[in-house]
Amino acid sequence: MEGFFQLQNASHVLIVASCVLLLVLGQFPSWVSADVHYYDFLLKEINVTKLCLNETILTVNGLFPGPVIRVRKGDTVYVNVTNQGNYGVTLHWHGVKQPGNSWSDGPVFVTQCPIQPGANFTYEVIFSDEEGTLWWHAHSDWTRATIHGAIVILPKEGTTYPFSHPDGEDVIVLGSWYTGDLHKEINEDMETHADIPHSSGYLINGELGDFSNCSRGTTYRWSVDYGKTYLLRIVNAVVDDELFFAIAGHNLTVVGLDGSYIKPVEMSYIMLSPGNTADVLLTTNKPPGHYYMASRQFLTEKEATPDGYTGSAIIEYTGDYNFSSSPIFPHYLPQSRDMTAAVTFMGLMKSLANEDYPVSVPMNITTKMFITVSMSELCGDRTDCNITAGRGNILASSMNNISWVNPIVDILQAYYRNVSGYYTTDFPDWPLVMYNFTKDTFDPHLAISDQGTKVKVLNYNESVEIIFQGTALLDGAAVHPMHLHGYAFYVVGMGQGNFNNETDPVTYNLVDPPKVNTFIVPRNGWLAIRFIANNPGVWLWHCHFERHLTWGMDTVFIVKNGDTEETSLRPPPPYMPPCTGYPNNILTKKWSYAGDVLDYL
Ligand code: C2O
Ligand code: CU
């Protein structure tokens, strides 16, 4: 693997320090060994041809998707990033909890400022209880469209999987392709208030596959032997869409989700939100031949048009047999609007919850939040908000009617150094007004949100429950894949309509709920999650649709320190990228629209 080498002896002090921290945070049952790995990530542009056009994309080490990071549970990785591109970038290690180490988490203007062209920065990525598959991606602008890759976390030395050892494995990164210069377009659209770009195809391991123009020659192919069981590590790295995925002729047995194992679920298809990763077993016991694997958009916005692109790749059995006919397509791949297929699949996810893989669902909740996730509007003219016409207002996304604005100095630095003026601590635990969230008709005032950099502060070890409530405001009902940095959370409940405080908690699964870092709030429904705030630091949480994140569907938890050094945020590394010279970007968050919101969804 490019840029990869390992030092066995050089970093014992660091290993010991990390392990002590992990032990105190209660993430390890006993003393364990851990390795340290070093990667060099060079951000540089390469030329590629897609859809018959020559394009330039920013990559890591010239690879698309980027390099796979391969570790064992509990290891530490140093990634030295050198930016040879033309604009600032940050990287994030999606689903890696990084105990006490927000400094290396990466979301731009939340835990750091961008790594500028010509500069470099070393991330220290600390693994704790994660095992299975996660991923890494850029976390600034929309750069993650081409800057992403998988993280493979093997069981510790001397331990094994909770299923029989697979005969082989493969990484499948699902991506989305944008024609043209996405970075330039996004920045222009923010200034001109135009609609944001939509993808022009779905990728499997960087290739559009057989159903797109000028793509056939490079379709991703994977050869398998007959009669084996393979572990597929699937990443949804798509920018703005959820995906169904299936393999013709073969069932998929899902055994892991977001870096935690689950009770095996055998299905003909899966659905992954952007941010989700799945470990899937595939048994190659079908007539030797070639079979398509395919991905299709799962779309929930009412009026939006399914984009109709299907990403594809080919599984080929090795051996001598007749390849004459074209590969078989998975005809049971759900259609774009198949809400039932998506919700059914997500509802089947359950933690192992056994002696070896116990759950610890918080039972005595000390902090409860009820949060609307919604499309909304900002006043186009602050003195005369044109509510009735809806014209001249600015389309936004919000949580509890607050649309997030990035500060110009990252929250982590402002918090650590006690500098005021960059954020406030008044993110509301409840919507300011209660209303019928899922009703199609609504008072237009309800859709007007505030802008702000409002964070929620949690005490160390707080037991937190959040109910996310989807809304129908502005005809914008949709699923939202909510993602929390620094944690995995238990999904204890989900349902349709408005959350009912009396009848819905009775339905909670507190026995074997799945533990994930990203999960969908059903369209016009609710999602209940729980976690213990035992990771001190500054942690972003947001909808993992880039367009909703850009429009303000994000906020931050500041989790205070515990009583000891080991339960506290670590001091910063000697160098962090400087935050000088950034314009106050409150203005660039505005997206005005002169008509129908639906055009913009
Ligand atoms: Cu996949 Cu905020 O990240
Ligand atoms: Cu969203």
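Within every chain, residues take consecutive numbers counted from 1 along the sequence as written. Both sets of labels track the order of writing: A upward for chains, 1 upward for ligands. Only residues with pLDDT of at least 70 are given local features in this predicted model, and only at 80 or more are side-chain atom pairs given and counted; all residues enter the totals for whole chains, interfaces and linings. Only hydrogens and water are removed before side-chain values are computed, so all heavy atoms of the structure are retained for them.

K.L.:
Is there a simple way to explain the packing of aromatic side chains in this structure?
P.N.:
Ring pairs (aromatic) are described by centroid distance and by the angle formed between their planes. Think of it this way: a Phe, Tyr or Trp ring, Trp meaning its six-membered ring, pairs with another when their centres are within 6.5 Å, and the plane angle makes it stacked under 30 degrees, edge-to-face over 60, tilted otherwise. Applying the stated rule across the entire model yields 34 aromatic pairs. Pairing Tyr39 with Phe41 gives two aromatic rings, centres 6.4 Å apart and planes at 85 degrees, and the pair type is edge-to-face. Of the two residues, Tyr39 and Phe41, both sit in the buried class. With a centroid separation of 4.9 Å and 75 degrees between ring planes, the pair formed by Phe499 and Trp526 is classed as edge-to-face. Pair noted here: Phe499 is in the loop between β28 (489-496) and β29 (515-516) and Trp526 is in strand β31 (residues 525-532), with a separation of 27 residues, a long-range link. Accessibility assignment for this pair places Phe499 and Trp526 in one class, buried. Taken together, the ring pairs in this structure connect Tyr39, Phe41, Trp93, Phe121, Tyr123, Trp136 and Tyr575 into an aromatic cluster. If you follow Lys50 out to its NZ or CZ, it ends over the ring of Trp177, 5.7 Å from the centre. Residue exposure (1.4 Å probe, protein chains only): buried if accessible area is under 20% of the type maximum, exposed if over 50%, otherwise partly exposed. Secondary structure elements follow DSSP: runs of H or I of four or more residues count as helices, runs of E of two or more count as strands, with numbering from the N terminus. In our convention, an over-ring charge means Lys NZ or Arg CZ found within 6 Å of a ring centre and within 35 degrees of that ring's normal.

K.L.:
I would appreciate a short explanation of the environment of Leu91 in the present structure.
P.N.:
Among the structural elements, Leu91 can be located in strand β6 (residues 91-94). For the pair Leu91 and Thr143, spaced 52 residues apart in sequence, the C-alpha to C-alpha distance is 9.5 Å. Residue contacts for Leu91: discarding those within four places in its chain leaves Phe41, Val81, Asp105, Gly106, Gln112, Tyr123, His137, Ala138, His139 and Ile147. Any two residues whose heavy atoms approach within 4.5 Å at even a single point are treated as in contact.

K.L.:
How should the state of the cysteines be read in this particular structure?
P.N.:
Every disulfide links exactly two cysteines, by a covalent bond between their sulfur atoms. The disulfide criterion is simple: two cysteine sulfur atoms within 2.5 Å. As enumerated under the stated definition, the model contains two disulfides in all. Two residues, Cys52 and Cys214, share a disulfide whose sulfurs are 1.9 Å apart. Handedness of the Cys52-Cys214 disulfide follows from its S-S torsion of about 95 degrees: it is right-handed. Linking Cys52 in the loop between β2 (36-50) and β3 (53-60) with Cys214 in the loop between β11 (201-204) and β12 (221-224), this pair joins segments that are 162 residues apart in sequence. Look at Cys52 and you get partly exposed, because its relative accessible area is 43%. Cys113 shares a disulfide with Cys579; S-S distance 2.0 Å. Its torsion about the S-S bond being 105 degrees, the disulfide of Cys113 and Cys579 is classed as right-handed. One end of the pair, Cys113, is in the loop between β6 and β7 (120-126); the other, Cys579, is in the segment after β33 (554-559), and 466 residues separate them in sequence. Given the relative accessible area of 16%, Cys579 is considered buried.

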